[in-house]
Amino acid sequence: QVQLVESGGGSVQAGGSLRLSCGASRWTDSTDCIAWFRQFAGELREGLASLYTRGDNAWYSDSVQGRFTIYQDKRENTVYLEMNSLRPGDSAMYYCAADHRAQCLRAPVYGLSQYDFHAWGQGTQVTVS
């Protein structure tokens with residue numbers, strides 16, 4: 001089981017930026033699609049962005065397109081979510097998740113579903129005021 005470790009959350013003023021990181025000991029064939037989700041209290045996790053780590057193909061939800069960027073550092077086995085122009089409505093718990101490449105292929109048509117990802121990080125809080 002791949003262990004995902006997140007960091008980088010915190011508090012920022014509206015219009016500011018944060019960078020979240022998601023690290024793992026290694027990526028495998030069953031974890032080469034990395035995604036970021038967020039969860040508001042009492043709601044399901046919302047899929048924001050995904051990255052196919054073997055091809056650098058990225059997808060974004062409409063809610064973050066143009067403001068957030070997902071990218072990787074292959075040497076560090078780390079995937080980042082750069083978040084710019086943050087808004088109070090972005091305040092949530094953020095999670096990274098990993099699963100098979102198929103989830104990345106599905107994303108442009110079906111989006112991301114929390115039920116399709118089997119490996120999760122512990123979550124990191126983002127607060128925008």
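For the structure itself, consult the block above.
Residues numbered from 1 in each chain as written. Predicted model: local features only at pLDDT ≥ 70, side-chain atom pairs only at ≥ 80, totals over all residues. Heavy atoms only, no water.

Asks: An account of the state of the cysteines is requested, with residue identities and associated values reported.
Replies: Inspection of the entire model under this criterion finds 2 disulfides. The disulfide partner of Cys22 is Cys96, and the gap between their sulfur atoms is 2.2 Å. With the S-S bond torsion at 70 degrees, the cross-link from Cys22 to Cys96 turns out right-handed. Highlighted residues: Cys22 in strand 3 (residues 18-24) and Cys96 in strand 9 (residues 92-99), separated in sequence by 74 residues. Accessibility assignment for this pair places Cys22 and Cys96 in one class, buried. (Disulfide = S-S within 2.5 Å. Helix = DSSP H or I, 4+ residues; strand = E, 2+ residues; numbered from the N terminus. Buried < 20%, exposed > 50% of the residue type's maximum accessible area, 1.4 Å probe, protein only.)

Asks: Give me the lowdown on the nonpolar core, citing residues and values where you can.
Replies: Leu4, Trp36, Phe68, Ile70, Leu81, Met83 and Tyr94 are the most contacted members of the largest nonpolar core, which totals 28 residues. Put simply, the parts of the chain that give this core at least two residues each are strand 3, strand 4 (33-39), strand 5 (46-52), strand 7 (68-73), strand 8 (78-83), strand 9 and strand 11 (124-128). Discounting chain neighbours no more than four positions away, the residues touching Met83 are Gly16, Ser17, Leu18, Leu20, Arg67, Phe68, Tyr94 and Val126. Counting residues in hydrophobic clusters, the runner-up holds 10 residues, among them Cys33, Ala35, Ala97 and Phe117. (Core = buried A, V, L, I, M, F, W, Y, C linked by side-chain atoms within 4.5 Å. Contact = heavy atoms within 4.5 Å.)

Asks: Tell me about the packing of aromatic side chains, and name the residues and values.
Replies: Throughout the structure, instances matching the rule amount to 4 aromatic pairs. For the ring pair Phe37 and Trp120, a centre distance of 5.0 Å and an interplane angle of 55 degrees mean the geometry is tilted. Taken together, the residues Phe37 in strand 4 and Trp120 in strand 10 (residues 119-120) connect sequence positions 83 residues apart. You can call Trp120 partly exposed: its relative accessible area is 24%. Each residue in the set Phe37, Tyr95, Phe117 and Trp120 is aromatic and connected to the rest through ring pairs, giving one cluster. Seen from the ring of Trp120, Arg45 lies directly overhead, with NZ or CZ sitting 4.6 Å from the centre. Geometry around Tyr52 places Arg101 over its ring, the cationic atom sitting 5.0 Å from the centre. (Phe/Tyr/Trp six-rings, centres within 6.5 Å; stacked < 30°, edge-to-face > 60°. Lys NZ or Arg CZ within 6 Å of the ring centre and 35° of its normal.)

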